[in-house]
Amino acid sequence: MTEPRVQRDPAFALLSLYETALPEVYGYLLSRCGDRTLAEELTSETFLGAVRACRKEFAPPVSTGWLIGVARHKLADHWRRKAREERGLRLVHEEEYTDPWDERLDALLAREVLASLGAHHQAALTLRYVDGLPVPEVAGHLDRTVHATEALLVRARAAFRRAYQEKEGRDA
């Protein structure tokens, strides 16, 4: 009688990559959310999600790039949850208009202003302009239609511009 063979856990592939990928994933998340605690939590969620994904039948090849993709999804999920919470707390009416703003922005002020916006605006602007994703991909990450995402981006840009100009006026 032959003894059953023990199958190697496919998630072990992450162990060899962990030390090099961890700072990359954490840095990606921290640069987009600006909150160390949140970046740590999302990094943890990213690796836990990666372990689950590795154990699926048709698991993708494990790489740092793939982990960054998982992190992007975890960040988008966080923003969706936060936006739902904010919607539950208040109803916001925002005006829509086109925004031909071509001024050069102060990067630190822009990051501060972005962090002050609602989660739905942060998510849309970060995915579109920081990550450089096309609108259809942003829509996919935010579980919205392309049309709804375009409208959200218009409102988010307007909110960003108002907040930036207000903050810039106060700091001058």
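Placed above this text is the structure.
Here's a quick rundown of the structure. Everything numeric here is computed off the predicted structure, so don't read it as measured data.

### Concerning the overall build of the chain
A tally of regular secondary structure across the chain gives seven helices and zero strands. Helices (α) and strands (β) of the chain occur, in sequence order from the N terminus, as α-α-α-α-α-α-α. Evaluated residue by residue, the chain yields a buried proportion of 40% over its 172 residues. Relative to all contacts within the chain whose residues are 6 or more apart in sequence, the contacts with residues 24 or more apart total 69%. When the accessible area of the chain is evaluated, it comes to approximately 11,100 Å², of which 53% is carbon and sulfur surface.

### Here we look at the pattern of salt bridges
Summed over all chains, the structure comprises five salt bridges. The partner of Arg80 in a salt bridge is Asp77, and the shortest N-O contact between them spans 2.1 Å. Of the two residues, Arg80 and Asp77 are both situated in helix 3 (residues 64–89); the distance of three residues between them amounts to about one turn of the helix. Under the relative-accessibility criterion, Arg80 is labelled buried at 17%.

### A short note on helix 5 (residues 119–130)
Among the residues of helix 5, those classed as buried are Ala119, His121, Gln122, Ala123, Ala124, Leu125, Thr126 and Leu127. Following helix 5 by one or two positions, Gly132 has its phi on the positive side, about 70°.

### So, helix 2 (residues 36–54)
Along its 19 residues, helix 2 runs 27 Å from first to last C-alpha, staying within 8% of the 27 Å computed at 1.5 Å per residue. Among all positions in helix 2, only Leu38, Ala39, Leu42, Thr43, Thr46, Phe47, Gly49, Ala50, Ala53 and Cys54 are buried. All buried residues of helix 2 fall inside an arc of 165° around its axis, so they share one side. Structurally, the start of helix 2 carries an N-cap: the backbone nitrogen of Thr37 is 3.0 Å from a side-chain oxygen of Asp35.

### Some points on the nonpolar core
If you look at soluble globular proteins, the nonpolar side chains tend to sit buried side by side. By size, the foremost hydrophobic cluster in this structure holds 42 residues, and its most contacted members are Val25, Leu29, Trp66, Leu67, Leu125, Leu142 and Phe160. For this core, the elements supplying multiple residues, two or more each, are helix 1 (12–33), helix 2, helix 3, helix 4 (107–116), helix 5, helix 6 (135–142) and helix 7 (146–171). No other element matches the eight residues that helix 3 contributes to this core. Excluding anything up to four places from it in sequence, Val25 contacts Thr43, Thr46, Phe47, Leu67, Ile68 and Ala71.

### Brief notes about the packing of helix 1 against helix 2
Running from N to C, helix 1 and helix 2 point in directions that differ by 140°, and their axes come no closer than 9 Å. With respect to helix 2, the axis of helix 1 lies oblique. The hand of the helix 1/helix 2 crossing is right-handed. Judged by residue contacts, Leu14, Tyr18, Ala21, Leu22, Val25, Tyr26, Leu29, Leu30 and Cys33 of helix 1 engage Arg36, Leu38, Ala39, Glu40, Leu42, Thr43, Thr46, Phe47, Ala50, Val51 and Cys54 from helix 2. Its residues assigned to classes, the contact of helix 1 with helix 2 comprises 16 nonpolar, two polar and two charged.

### Quick word on the environment of Ala158
With respect to the helices and strands, Ala158 occurs in helix 7. Between the C-alpha atoms of Ala158 and His121, which are 37 residues apart in sequence, the distance is 10.0 Å.

### Considering the environment of Leu42
Mapped onto the elements of the fold, Leu42 is located in helix 2. Residue classification places Leu42 among the buried positions, given a relative accessible area of 1%. In sequence terms Leu42 and Leu29 are 13 residues apart; their C-alpha atoms lie 7.4 Å from each other. Every residue in contact with Leu42, bar those within four places of it in the chain, is listed here: Leu29, Lys74, Leu75 and His78.

What counts, and at which threshold
Residues numbered from 1 in each chain as written. Predicted model: local features only at pLDDT ≥ 70, side-chain atom pairs only at ≥ 80, totals over all residues. Heavy atoms only, no water. Helix = DSSP H or I, 4+ residues; strand = E, 2+ residues; numbered from the N terminus. Buried < 20%, exposed > 50% of the residue type's maximum accessible area, 1.4 Å probe, protein only. Contact = heavy atoms within 4.5 Å. Areas by Shrake-Rupley, 256 points an atom, 1.4 Å probe, with all protein chains shown as cover. Salt bridge = Lys/Arg side-chain N within 4 Å of Asp/Glu carboxyl O. Expected span 1.5 Å × (residues − 1). Arc of directions from axis to C-beta. Polar contact = N/O pair within 3.5 Å; in protein donor to acceptor, adjacent residues only side chain to side chain. Core = buried A, V, L, I, M, F, W, Y, C linked by side-chain atoms within 4.5 Å. Axes fitted to C-alpha atoms, helices over the stretch in contact; angles between N-to-C directions. Parallel < 35°, antiparallel > 145°, perpendicular 65-115°, else oblique. Left-handed = near helix turned anticlockwise from the far one by under 90°. Nonpolar A, V, L, I, M, F, W, Y, C, P; charged D, E, K, R; others polar.

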